[in-house]
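# Results of the structural survey
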Amino acid sequence: MLFSDINESRILRFDPESRAVSVQRKYTNRTNGIALSADGTLFGCQEGSRRIVRYLSDGSAATTATRLDGKIHNHPCMLAIDHLGHVWFSDPHHAWPTLGPQVFPLLEHQSVLRLMLDAFPRLDWKLQRMTFDTIAPRGVALSPDGKTVYVAESSLAPDGPRELRAYPVQDDGLLGSAKVLHTFGRDGGGIHRGFEGLCVDSEGHVVGCAGWSKSSLGSKLYVVCPMHGVLEAHSIPCEMPLSCAFGDSDLRTLYVTTAAGELFCARNTGLQG
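Residues numbered from 1 in each chain as written. Predicted model: local features only at pLDDT ≥ 70, side-chain atom pairs only at ≥ 80, totals over all residues. Heavy atoms only, no water.

## Considering the overall build of the chain
Across its full length, the chain holds zero helices and 27 strands. Relative to a compact globule of 273 residues, whose C-alpha radius of gyration would be 19 Å, the chain shows 18 Å and is just as compact. Along the longest, intermediate and shortest principal axes, the C-alpha atoms of the chain span 50 × 45 × 40 Å. The buried share among the 273 residues of the chain stands at 51%. Long-range pairs, those at least 24 residues apart, make up 42% of the contacts in the chain with a sequence separation of at least 6. The average position of the 26 basic charges and that of the 29 acidic charges among the side chains of the chain differ by 4 Å. (Helix = DSSP H or I, 4+ residues; strand = E, 2+ residues; numbered from the N terminus. Rg over C-alpha atoms; globule rule 2.2 N^0.38 Å. Buried < 20%, exposed > 50% of the residue type's maximum accessible area, 1.4 Å probe, protein only. Contact = heavy atoms within 4.5 Å. Lys, Arg positive; Asp, Glu negative; His and termini not counted. Charge placed at Lys NZ, Arg CZ, Asp CG, Glu CD.)

What follows is the structure, given as structure tokens:
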């Protein structure tokens, strides 16, 4: 299992048999979400450089498209790769500036973008804006059939949206109107922290991590059915869960990372540190 240690700018490797952790990549410049494509190429959201990169087997990294309508996009956060090799990623603003001179302003919008490899007129990457109603997108996941894109809209503003949304992928490849699967509120302790990382199990349920100790019931791992809403909620012994992903072929082992760089393992619905 590969996972990001964002604050230390590393990608780490966990071996479930030996339970050893080793460094897979150094100097990743605050890479957040990562995912493997069908051919085994590792893609990463490099927040510190405002770009999606491909980490190649020879140890180098290759940049993809960074401009949307001629402007540099924001700080890519989390991503998912579909069966066509398209990379869907959230592109919010980030409080931490990128390295170097702040020459390029952020986009006026915070959206989900799609990165595609275009064969015409030459083999090159291009970007397309996919959502037009998001203001703070975070986690992104795809349904098993590729017909639905799930987005965690997770604003930290008091009146901002904290929702899990399902966008249908239309025949023309664009997204239809979103269906809201779950909404987080607020209480005396403040706002309820919305979903961050998302993944999808073999039955099409959306699994996501959310919450913190400041309000509500603390950090949780949620299982959401697209038809019936929240089915399960499990406590996570950490402050800020960040990402989640399945780690074996039968989808029975789930890993959860935290903002502090911790890694937790859930097996058969029982959490183990």
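So, next bit.
## Quick look at the sheet that holds strand β20 (residues 198–200)
Across the sheet, four strands lie side by side as β20-β21-β22-β23; this open sheet has antiparallel pairing. Each edge of the open sheet carries a strand with a single partner, namely β20 and β23 (229–235). Here the strands of the sheet are splayed against their neighbours by 25° on average, with no regard to which way each runs. Judged from the six bridges that link them, strand β22 (residues 215–225) and β23 form a sheet pairing that is antiparallel. Paired with valine 223 across the bridge in β23 is glutamate 232. (Pairing = 2+ DSSP bridges. Axes fitted to C-alpha atoms, helices over the stretch in contact; angles between N-to-C directions.)

## Some thoughts on the sheet that holds strand β10 (residues 79–81)
The strand order across the open sheet built from four strands is β10-β11-β12-β13, with neighbouring strands paired in antiparallel fashion. Here the strands that pair on one side only, and so sit at the sheet edges, are β10 and β13 (124–129). Put simply, the sheet's adjacent strands are angled 25° from each other on average, direction ignored. In terms of strand pairing, strand β12 (residues 111–118) meets β13 through six bridges, oriented antiparallel. Note on β13: the bridge partner recorded for aspartate 118 is aspartate 124.

## Examining unusual backbone geometry
Backbone geometry follows two general trends: most residues other than glycine have a negative phi, and most peptide bonds adopt the trans configuration. Even without being a glycine, tyrosine 27 presents a positive backbone phi close to 55°. As for its position among the elements, tyrosine 27 is in the loop between β3 (20–26) and β4 (31–36).

## Overview of the pairing of strand β26 (residues 263–267)
Sheet topology note: the strand β25 (residues 253–258)/β26 ladder contains five bridges and is antiparallel. Opposite threonine 257, over in β26, you have leucine 263 as the bridge partner. Count of turn residues in the β25/β26 antiparallel hairpin: four residues, of which glycine 261 carries a positive phi of about 90°.

## Observations regarding the pattern of salt bridges
Considering all chains together, one arrives at seven salt bridges under this definition. Residue glutamate 108 pairs with lysine 71 through a salt bridge whose shortest N-O separation is 3.2 Å. Pair noted here: glutamate 108 is in the loop between β11 (87–91) and β12 and lysine 71 is in strand β9 (residues 71–72), with a separation of 37 residues, a long-range link. A residue is classified by how much of its surface remains accessible, and lysine 71, at 43% relative accessible area, is partly exposed. Across the salt bridge formed by arginine 165 and glutamate 163, the nearest N and O atoms sit 2.8 Å from each other. Among the residues examined, arginine 165 registers a relative accessible area of 8% and is labelled buried. Overlapping salt bridges bring together Asp133, Glu153, Glu163 and Arg165 as one network. (Salt bridge = Lys/Arg side-chain N within 4 Å of Asp/Glu carboxyl O.)

Remember, this is a structural readout, not a statement about activity or role.
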